[in-house]
Amino acid sequence: MGESTTGPNAESDQALLAAVQRRDERAIAALYDRYGGLAFGLAYRILDDRGAAEDVVQDAFMSVWRRAVSFQLDRGSVRTWLLSIVHHRAIDRLRGAAGKSRRDEPLDEIDRIAQVDDPWREVSIRVQGDVLKRGLATLPEAQRQTIELAYFGGYTQQEIATAMDVPVGTVKGRMRIGLQKLRELLSGAGVELT
Amino acid sequence: MSGRTVHDHDFNLEDGPAGPEACAFAAQGFPAAFVLEALDGDDVAAFRQHLPTCAICQAEVAAFGATTAQLPLAVELTEQPSPALRERLLAAVAADSAPAPTAPEPIALAERRWPRVYAVAAVILLVLSLGLLGWNLNLQRQMRQTQADLNAARNELAVYKLNPTSGQQATGEVLYLRDRQQAVLVVNNLPPLQPGQVYQIWLIDNGQPTGAGVFITPTTGISGNLARYQTIAVTIEPGPTGSAAPTMTPIVAGALSQ
């Protein structure tokens, strides 16, 4: 408590994306500053490889840069769109690189980006993240593991069935019931599902 | 399992999954596995062929897709990208000399990288435009009205919990009367104020905080439409009127229903 910050970032996500649609390079930089850490965190969680995760993040932001005109500003969340791209590309990369060593080289000591651009946006994200973590923690273990193996692990239903020694139908059922419970928990906690 | 066109049963696109037993794909959990990208190759192809024809599966994909879209927020951000990534990205953007497309790229459902929520939304629009779901829209409206009536009393009062931020102890609740757009904020274990300071309430929309009053006691009132905001937070600011913009990170914060 007590640390001074700069004022809030005045540009909404929608305004930034509208600027990206106008080919404003500063806007894509601002979007990266806002969500680059989150995008990298997701890609790194899936790939467990810094270099591969950075490639995916760069690829995803380039996709936003090139496809921004196809995004309807009055529908959906820019953050959700970006992170969906990151997830798809990370899973593609994971499955395309099956069998590779996930840690080809030691991690470098890298200066952390300590400056938070907009603590208020960070607070909103963190609050939602806390709700989500609590929601996941309340799921039965088998449902939570199934969802995490699929979403973060990139495993297919058949691979999960084999790993957990259950029929594929059971895996699908756990995914469905788990997501349904999670949706109810998030809605009940006031998280906007867009 | 393909070949169905329109299902003659009740469903509600906005309220999420309903009646999955009426569709073999939905009953077997295809939509959930699809949004998690866990379907195997043959199943992906079969489900993509089926999806445009089935309102139940479209509703489940939309509902589960929105839920799945929140999962990245569960990631612990223990690692940060290297500063060089930003430089590489901006260099690539600068080098991208292609002129801006003048029209949206065509939506290809077979393109797995296209965000599925929007692809499904586009499919829904297409189906609607063909009039295949016209009668269902009427049904949905009736169902929503009925549901709205049933929920009216329950919806009058909303309770939102406030949790402490890092290093803080404060917790609280917001009791919000929706129909009157009046709320009571109760916060416990607030850190003590220094002379001349006040607690200030902030309502946050899309990351942008708006001041919503100051207080010095653990309980205070808030007037306004809280449904416009996603988050409520409290800071300590210079008194007596607080600040135009927050000058510190929040003490306590919580999510607000939409």
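Residues numbered from 1 in each chain as written. Chains lettered and ligands numbered in written order. Predicted model: local features only at pLDDT ≥ 70, side-chain atom pairs only at ≥ 80, totals over all residues. Heavy atoms only, no water.

## Quick notes on the packing of aromatic side chains
Line of reasoning, step 1. Counted according to the given criterion, the structure contains 8 aromatic pairs over all chains.
Line of reasoning, step 2. Three or more aromatic residues joined by ring pairs make a cluster, and in this case those are Phe25, Phe30, Phe34 and Phe47 of chain B.
Line of reasoning, step 3. Directly above the ring of Phe152 of chain A sits Arg45 of chain A, whose terminal nitrogen or CZ lies 4.1 Å from the centroid. (Phe/Tyr/Trp six-rings, centres within 6.5 Å; stacked < 30°, edge-to-face > 60°. Lys NZ or Arg CZ within 6 Å of the ring centre and 35° of its normal.)

## A few points about the packing of helix α7 (residues 157-164) of chain A against helix α8 (residues 168-188) of chain A
Residue and element names in this part refer to chain A.
Line of reasoning, step 1. The geometry of α7 relative to α8 is characterised by a closest axis approach of 8 Å and an angle of 105° between their N-to-C directions. Classified by the angle their axes make, α7 and α8 are roughly perpendicular. Every residue of α8 that contacts α7 at Gln157, Gln158, Ile160, Ala161 and Met164 is listed here: Val168, Val171, Lys172, Arg174 and Met175.
Line of reasoning, step 2. Along the lines of polarity and charge, the residues of the contact of α7 with α8 split into 6 nonpolar, 2 polar and 2 charged. (Axes fitted to C-alpha atoms, helices over the stretch in contact; angles between N-to-C directions. Helix = DSSP H or I, 4+ residues; strand = E, 2+ residues; numbered from the N terminus. Parallel < 35°, antiparallel > 145°, perpendicular 65-115°, else oblique. Contact = heavy atoms within 4.5 Å. Nonpolar A, V, L, I, M, F, W, Y, C, P; charged D, E, K, R; others polar.)

## Here's the deal with helix α5 (residues 83-95) of chain B
Line of reasoning, step 1. The end-to-end C-alpha separation of α5 of chain B is 19 Å, in line with the 18 Å expected for 13 residues at 1.5 Å each.
Line of reasoning, step 2. The secondary structure elements touched by the buried residues of α5 of chain B are α2 (25-47) and α3 (50-67) of chain A. (Expected span 1.5 Å × (residues − 1).)

## Regarding the confidence of the model for chain B
Residue and element names in this part refer to chain B.
Line of reasoning, step 1. Residue-level pLDDT values for chain B average 75, and 69% of them are 70 or greater.
Line of reasoning, step 2. Here residues 1-18 is modelled with pLDDT under 50, and outside its nearest four sequence neighbours on either side it reaches 49 contacts, counting other chains as well.
Line of reasoning, step 3. Counting interchain partners and residues more than four positions distant, the pLDDT-below-50 stretch residues 103-114 has 29 contacts.
Line of reasoning, step 4. Here the predicted complex scores 0.57 on pTM and 0.78 on ipTM. (pLDDT = per-residue confidence, 0-100.)

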